[in-house]
Amino acid sequence: MPQGRRKVPFSAKQKKLQLQAKRHKKQGLLEHQSDDSERSRDQPRVQKINQQPTTAAGKSNRYALQFFKETNEEIQQRKEQARQAIVPVTEEELEIDIDNYFLPELDFPKRPLWDYEMTKEEIDLQENRYFREYLAGIEKQFPLKDLSYFELNLETWRQLWRVIEMSDIILIIVDIRFSALMFPPSLYKFVVEDLKKEMILVLNKIDLAPAELVVAWKYYFLSKFPSIHILTFTSVPGYNLHGNVESKMNAKRKARMRMSFEGAQKLQELCDKIVGSEVDLSSWKKKIIEEKSKEYDNEELEVEQSTEITSIDTSYHKHQKFRDGVLTIGCIGQPNVGKSSLMNAIIGKKVVSVSKTPGHTKHFQTIFLTPTVKVCDCPGLVFPSKVPKVLQVLMGSFPIAQLREPYTSVKYIAERIDLVKLLHLQHPNDDEEWSSMDICDGWAKKRGFLTARAARLDSYRAANHLLRLALDGKICLCLRPAGYSTKIEHWKTHPEIQEVLWIQAKNKSEESQLRGNIESDEDESDSCRSSGDSGETDSGEDSDESDVESTGDFSSASTNKFAALGEVE
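Please read these numbers as outputs of a predicted model, since none were measured by experiment.

Brief notes about the overall build of the protein chain
- Helices and strands together make up the secondary structure of the protein chain, namely 19 helices and eleven strands.
- Here the contacts in the protein chain between residues at least 6 apart in sequence split such that 75% fall between residues at least 24 apart.
- Within the structure as shown, the protein chain displays about 26,100 Å² of accessible surface, and the carbon and sulfur contribution to it stands at 47%.

What about the pairing of strand E5 (residues 198–204)?
- For E5, the tally of buried residues reaches six of seven residues, placing the bulk of the element in the interior.
- Alignment of strand E4 (residues 169–175) against E5, held across seven bridges, turns out to be parallel. Bridged to Ile-170 within E5 is Met-199.
- Crossover handedness for the path E5 to helix H7 (residues 211–224) to strand E6 (residues 229–232): right-handed.

Structural notes on the packing of aromatic side chains
- Scanning the model with the defined rule gives 16 aromatic pairs in all.
- Where Phe-183 meets Tyr-188, the ring centres are 6.5 Å apart and the plane angle is 50 degrees; that geometry is what we call tilted.
- What makes Phe-183 buried here is its relative accessible area of 0%.
- On the basis of relative accessibility, which here comes to 7%, the residue Tyr-188 falls in the buried class.
- Counting every residue linked through ring pairs, the aromatic cluster contains Phe-183, Tyr-188, Trp-217, Tyr-220, Phe-221 and Phe-225.

Considerations on the packing of helix H4 (residues 120–141) against helix H5 (residues 154–166)
- Where H4 meets H5, the closest approach of the two axes is 11 Å, and the angle between their N-to-C directions is 110 degrees. When the axes of H4 and H5 are compared, the pair comes out roughly perpendicular. Between H4, through Asp-124, Glu-127, Asn-128, Tyr-130 and Phe-131, and H5, the contact on the second element is made entirely by Leu-154, Trp-157, Arg-158 and Trp-161.
- Taken together, the residues that form the contact of H4 with H5 break down as five nonpolar, one polar and three charged.

Focus on the nonpolar core
- Phe-183, Met-199, Phe-221, Trp-284 and Ile-439 are the most contacted members of the largest nonpolar core, which has 137 residues in total.
- Of all the elements, H7 adds the most residues to this core, at eight residues.
- Excluding anything up to four places from it in sequence, Phe-221 contacts Ile-98, Ser-179, Ala-180, Phe-183, Leu-201, Leu-203 and Ile-230.

Some words on helix H14 (residues 436–447)
- In a regular helix each residue adds 1.5 Å, so twelve residues correspond to 16 Å; H14 covers 16 Å between its end C-alpha atoms and thus fits that length.
- Among the twelve residues of H14, nine are classified as buried, and the element is accordingly described as predominantly covered.
- Among the residues of H14, Ser-436, Met-437, Asp-438, Ile-439, Cys-440, Asp-441, Gly-442, Trp-443 and Ala-444 are the ones counted as buried.
- Against the buried residues of H14 lie helix H3 (72–82), helix H12 (407–414), helix H13 (419–423) and helix H15 (459–472).

Here's the deal with the side chain of Thr-370
- Relative to the helices and strands, Thr-370 resides in strand E9 (residues 365–370).
- Setting aside chain neighbours within four positions, we find Thr-370 in contact with Ser-283, Trp-284 and Lys-287.

Considerations on the packing of H7 against helix H17 (residues 497–504)
- Running from N to C, H7 and H17 cross one another at 110 degrees; their axes reach a closest spacing of 9 Å. As summarised for this structure, H7 and H17 are arranged roughly perpendicular, according to the angle between their axes. Note on packing geometry: the crossing formed by H7 with H17 is right-handed. Residue-level inspection shows Ala-211, Glu-212, Val-214 and Val-215 of H7 in contact with H17, the latter providing Ile-497, Val-500 and Leu-501.
- Class assignment of the residues belonging to the contact of H7 with H17 gives a composition of six nonpolar, no polar and one charged.

Some thoughts on the pairing of strand E8 (residues 327–333)
- Most of E8 is tucked away, with seven of its seven residues classed as buried.
- Side chains of E8 alternate between two faces, with Leu-327, Ile-329, Cys-331 and Gly-333 and Thr-328, Gly-330 and Ile-332 buried alike.

Topic: a negative patch on the surface
- A cluster of acidic side chains, namely Asp-115, Glu-117, Glu-121 and Glu-122, defines a negative patch on the protein surface.
- For Glu-122, the position within the fold is in helix H4.

A closer look at the pattern of salt bridges
- A full pass over the atoms with the stated rule returns 17 salt bridges.
- The residue Lys-110 makes a salt bridge to Asp-107 at a minimum N-O spacing of 2.5 Å.
- Glu-499 is the salt-bridge partner of Lys-266, the closest N and O atoms lying 3.8 Å from each other. Within this pair, whereas Lys-266 is found in helix H8 (residues 261–275), its partner Glu-499 is found in helix H17, the two being separated by 233 residues in sequence.
- Among the ionic contacts, a cluster of salt bridges with common partners joins Arg-111, Lys-120, Asp-124, Glu-127, Glu-155, Arg-158 and Glu-165.

Overview of unusual backbone geometry
- Positive phi, close to 70 degrees, is recorded for Asn-336, a residue that is not glycine.
- Its location among the elements puts Asn-336 in the loop between E8 and helix H10 (339–347).
- Exposure remark for Asn-336: the relative accessible area of 13% places this residue in the buried category.
- Here Ala-455, not a glycine, exhibits a phi torsion of approximately 60 degrees, which is positive.
- Structurally, Ala-455 is set in the loop between H14 and H15.

Procedures and definitions
Residues numbered from 1 in each chain as written. Predicted model: local features only at pLDDT ≥ 70, side-chain atom pairs only at ≥ 80, totals over all residues. Heavy atoms only, no water. Helix = DSSP H or I, 4+ residues; strand = E, 2+ residues; numbered from the N terminus. Contact = heavy atoms within 4.5 Å. Areas by Shrake-Rupley, 256 points an atom, 1.4 Å probe, with all protein chains shown as cover. Buried < 20%, exposed > 50% of the residue type's maximum accessible area, 1.4 Å probe, protein only. Pairing = 2+ DSSP bridges. Right-handed = clockwise from strand over helix to strand, strands pointing away. Phe/Tyr/Trp six-rings, centres within 6.5 Å; stacked < 30°, edge-to-face > 60°. Axes fitted to C-alpha atoms, helices over the stretch in contact; angles between N-to-C directions. Parallel < 35°, antiparallel > 145°, perpendicular 65-115°, else oblique. Nonpolar A, V, L, I, M, F, W, Y, C, P; charged D, E, K, R; others polar. Core = buried A, V, L, I, M, F, W, Y, C linked by side-chain atoms within 4.5 Å. Expected span 1.5 Å × (residues − 1). Left-handed = near helix turned anticlockwise from the far one by under 90°. Patch = residues over 30% accessible without salt bridge, like charges linked within 9 Å, V, L, I, M, F, W, Y side chains within 5 Å. Salt bridge = Lys/Arg side-chain N within 4 Å of Asp/Glu carboxyl O. Lys, Arg positive; Asp, Glu negative; His and termini not counted. Charge placed at Lys NZ, Arg CZ, Asp CG, Glu CD.

Everything listed here is a matter of coordinates, which is why it stays silent on function.
What follows is the structure in structure tokens.
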């Protein structure tokens, strides 16, 4: 050090940030330079989700989700918006179009060309260089604040590449409530047009939507993507629920671990039509018939032991169609669309771990459904799009536990569903005007959510709780395809309504009744239910936060959702 120069204090926090930046650079992440020097000193630009503690054994964070992090100024601005009065939106504003969220310029990263003469190190170096250039290109075209949070981890994209390479049929799975926000057209173009492979779009969780909306979404996608096959599915048909819902209005609704016969049969028939005589799928058909004839009266048979799962790394694979007479089906989709639950429902027992946490499945898994049918479960991937963060939270692609500001997401729900009437809230300040912050405070007061030290209303915990109820389907918001309101009568009388009800395993009268049947907490009788947009409650995963009960049938014929909800009281 030169003489006469004093040492500059260097805090432990600065050292930690320096080490984080060094790790990010080493892992091939894009470095982001900011003009705001204060922000760059206070916090890193990349936020890691589901980060695991590092160990000397290896890369324990290899498949951790990573997103760009918000600034403190952005968080404060959203909190101010959450204090503004809620203005209900019109019915037309519930309609969405896929073209508004997935622009042609927003492509997803694809594996660079390689050959067997290249070493593994050369391929890794090439892929890291390509991914850095891909991220740099995205940032040049679009300001990061205008884009959704998408996957920044190269290792996770490698899982997708591997599944696409080895699969004969690609199943892309979406949640029926937000289906247009979860289907990237670039993936369809790559699989169907470039690779000439078959793609099946699975509209999952149809138990959460009325039958006419399911049919409308099906024909919306067929009009946009004519070469795609569409399948409607639910892992929670009527017979997969505990208790008799007809006789017990507040019956606990938990999913049984057994096959969803209707959805599995439709998938088998569709795959049989695609492969023709090239693969023998008779064993799959036989399995469905045998499962359907089983008796499930014994509660101990509902959850079976997990089978052994074979994990395969991201090696390099030349695709051979129907290799060794086996049909390989790859399952792709964003987090929380129900890929693992779908696989369990098709197989008839728990073979894949299920969690509500995005990124729970960290590497793809292969499972033999029958000796001639193999299924691959790919980790949930968030594709680049212009989907706003509030919708990504409700979709489940961004973890609620990682939210620094949940109030704007609550506001989005409250603008489309009258939460004040549904939750029977009392204004914390005895005012007539409600904001999303007031709704959170009112729910905290009703539920007894208080801070530990000062015993004040814990609005943050209340907001998180409301968002989890929305994610589970207990507060159910279903978006609609463009033009839905002008053709609502057409969809209500469509002939495919009965097929949807058959897959849901309920008839028309049962659908109307189940719309008003919600789980109830043992010590809580507060009602909390959405409008007639929802079909049933949870999508099949157990929740320890059940606190809602039946308040009657909300499936009113009124075109105004808030007027329909007002009839309940």
